[in-house]
Amino acid sequence: MSASIDVIDERREALRLAAVKRYDILDTPPDGSFDRIAAIAARRFRTPIAIISIVDHDRIWFKSHHGLDVTEIERLPGLCSSAIMSNASYALTDASLDPRSLANPLVAGDFGLRFYAAAPLTTHEGFNLGTLCVLDFQPRDLDEAAMADLTDLASVVMDQLELRRASRQAVSHADLMSREIDHRVANSLQFVSSLLAMQSRAPGLMDASAQLQIAANRVAAVAQVHRNFYAEPGQDIEAFAFLRRLCADLSDALDRPIRVEGAEAPLPSAAVQSLGLIANELITNAAKYGKGEIDVEYRLVNGVYDLCVANDGPPLPEGFDPRTSSGLGMKVVVSLTAQLGGTLACKQKDSGNGARFKLTFPRP
């Protein structure tokens, strides 16, 4: 039974030390906020010493040490090490008479400690990082109101630790977002560069003005994709809502009605970018070669994502294959389909007029 308890304690201590590491407080420079709290504690209890301690695996480090020049001590003789074993406040009114502290070197040795009171610094998960404690060389009595004040001051210390941890996380998150934005911009610029290079090699080039207009339209399509979604790195995006917004933009730009049907099926942001660019090319082609309303459908069926774009108008040329098409727009669609690990099929609409393109792909 004792061995089992020891194992549980070791596991709990490992988790506690992991919490200490998460707060990243050990060996940090002096901080006026913590020093003021320690000074207030010393005044409140009229003690010469007040300490904010963090208990490491082999030492007790002092974040603030009012009335004491020492910055850390070994863990084994430390009263703070005992105080973190419980979530309750801990008090020794006369350490020289208390069985818990008779053999402690701080009591039995030259230091001559007689009074010690501590409140643990407890995280939201219930781990004690250390203590706020007050010490004296004379015995003292301590009532419940005083212990409540010490506990409240310990809570203020934890508020400061939580605030600093949240600030570090916010800075880290902002840095991650900045790098993600740089990555997206670089990818978009590379995509635009590839589009322009492919366009320069396209057969049957028109005059420069027309070519510039086509290039401008494709660059605008990339901008439309970015304008229509905002997400954190790795976060899924509501792709159906995104497509509805994108189609509303395209409907205005192309002056063509676009009907969007389907259901929500979220996707990672990188996949939504490819999906949006494919939709843009298929819808632009539908407006160019078809007539009337353009139909767009997006669904998740049996774990597979489907995007369909259909239009009325002339039927597809006999033997049409997107993979061998010379059109730049279709080359872009085929390339992005491959990036998604999907397939692209096309056929006449059921009515016999117009075309229906269907992109099918698994979750990336």
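All values reported here derive from a predicted model rather than from experimental measurement.

Draft legend 1. Layout of the overall build of the chain. Looking only at helices and strands, the chain features 9 helices and 13 strands. In the chain, which comprises 364 residues, the proportion classed as buried is 43%. Long-range pairs, those at least 24 residues apart, make up 64% of the contacts in the chain between residues at least 6 apart in sequence. As displayed, the chain offers around 19100 Å² of accessible surface, 55% of which is attributable to carbon and sulfur atoms.

Draft legend 2. Representation of helix α7 (residues 239-254) within the structure. With 16 residues, α7 ought to run about 22 Å at 1.5 Å a step, and its terminal C-alpha atoms sit 22 Å apart, in line with that. What α7 keeps buried is the set Ala239, Phe240, Phe242, Leu243, Leu246, Cys247 and Leu250. The arc enclosing the buried residues of α7, seen along the axis, measures out at 145°, which places them on a common side.

Draft legend 3. Highlighting the nonpolar core. Core analysis: the largest hydrophobic core is formed by 39 residues, its most contacted members being Leu267, Leu275, Ile283, Val296, Tyr298 and Leu307. Every element with two or more residues in this core is listed here: α7, β8 (258-262), α8 (269-289), β10 (291-301), β11 (304-312), α9 (328-339) and β13 (355-362). Here this core takes 10 residues from α8, the largest share from any one element. Grouped together as the second largest cluster of nonpolar side chains are 30 residues, Ala38, Phe45, Val157 and Leu161 included.

Draft legend 4. Here's a closer look at the pairing of strand β5 (residues 115-122). The buried fraction of β5 is high, at 7 of 8 residues. Relative to β5, strand β4 (residues 90-92) runs antiparallel, the two sharing 3 bridges. Directly across from alanine 91, in β5, lies its bridge partner alanine 117. In this structure, β5 lies alongside strand β6 (residues 128-136), joined through 8 bridges in antiparallel fashion.

Draft legend 5. Main features of the packing of α8 against α9. At a minimum axis separation of 9 Å, α8 and α9 run at an interaxial angle of 155°. Between α8 and α9, the interaxial angle falls into the category roughly antiparallel. The handedness of the crossing between α8 and α9 is left-handed. Where α8 approaches α9, its residues Ser274, Leu277, Ile278, Glu281, Leu282 and Asn285 are matched on the opposing element by Gly329, Met330, Val332, Val333, Leu336, Thr337 and Gln339. For the contact of α8 with α9, the residue count by class is 7 nonpolar, 5 polar and 1 charged.

Draft legend 6. Highlighting the pairing of strand β1 (residues 49-55). Most of β1 is tucked away, with 7 of its 7 residues classed as buried. Taking every second residue as pointing to the same face, both faces of β1 are buried, with Ile49, Ile51, Ser53 and Val55 on one and Ala50, Ile52 and Ile54 on the other. In terms of strand pairing, β1 meets β6 through 6 bridges, oriented antiparallel. Bridge pairing in β6 places isoleucine 54 opposite glycine 130.

Draft legend 7. Expanded view of the pattern of salt bridges. Under the counting rule described, the total for this entry stands at 15 salt bridges. Note that glutamate 293 and arginine 259 form a salt bridge whose closest N and O atoms lie 3.5 Å from each other. Placement of glutamate 293 in strand β10 and of arginine 259 in strand β8 is noted, with a sequence separation of 34 residues between them. According to the relative accessible area criterion, glutamate 293 is partly exposed, its value standing at 35%. Between arginine 323 and aspartate 321 there is a salt bridge, and its shortest N-O distance comes to 3.2 Å.

Draft legend 8. A look at the environment of proline 315. Within the secondary structure, proline 315 is located in the loop between β11 and α9. Spatially, the C-alpha atom of proline 315 lies 8.3 Å from that of lysine 349, the residues being 34 residues apart in sequence.

Draft legend 9. Local environment of the sheet that holds strand β12 (residues 343-348). Taken in spatial order, the 5 strands line up as β8-β10-β11-β13-β12 in an open sheet, and their pairing is mixed. The open sheet is flanked by β8 and β12, the only strands paired with a single partner. Strand after strand, the sheet turns through a mean of 15° between neighbouring axes, direction not considered. Looking at chain direction, β12 and β13 are connected through 6 bridges and run antiparallel. Pairing of threonine 343 across the sheet is with threonine 360, part of β13. Packed on one face of the sheet, α8 meets β8, β10, β11 and β13 and runs near 15° to β11.

The rules behind the values
Counting from 1, residues in each chain are numbered in the order their sequence is written. At least 70 in pLDDT is required for a residue's local features to be given in this predicted model, at least 80 for side-chain atom pairs to be given and counted, and no such filter applies to totals for whole chains, interfaces and linings, which use all residues. To obtain the side-chain values, all non-hydrogen atoms of the structure were used and water was disregarded. Where helices and strands are cited, they refer to DSSP runs of H or I of at least four residues and of E of at least two residues respectively, numbered from the N terminus. Burial classes follow relative accessibility: with a 1.4 Å probe on protein chains only, a residue under 20% of its type's maximum area counts as buried, one over 50% as exposed, and anything between as partly exposed. Any two residues whose heavy atoms approach within 4.5 Å are treated as being in contact. Note that accessible areas follow from Shrake-Rupley with a 1.4 Å probe, and for residues the cover is restricted to the protein chains shown. A helix is expected to span 1.5 Å multiplied by its residue count minus one. The arc in question is the one spanned by the directions pointing from the helix axis to the C-beta atoms. By convention a nonpolar core is built from buried Ala, Val, Leu, Ile, Met, Phe, Trp, Tyr and Cys residues, the set being connected through side-chain atoms within 4.5 Å. Note on pairing: DSSP must find at least two bridges between two strands before they are called paired. To get an axis, fit a line to the C-alpha atoms, keeping to the stretch in contact for a helix; angles then go from 0 to 180 degrees between the N-to-C directions. By definition in this entry, angles of less than 35 degrees are roughly parallel, angles greater than 145 are roughly antiparallel, angles of 65 to 115 are roughly perpendicular, and the rest are oblique. Helix crossings fall into two classes, left-handed where the near helix is turned counterclockwise from the far one by less than a right angle and right-handed where it is turned clockwise. Under the grouping applied here, Gly and all other residues not named as nonpolar or charged are polar, the nonpolar ones being Ala, Val, Leu, Ile, Met, Phe, Trp, Tyr, Cys and Pro and the charged ones Asp, Glu, Lys and Arg. By definition, a salt bridge exists where a carboxyl oxygen of Asp or Glu is found within 4 Å of a side-chain nitrogen of Lys or Arg.

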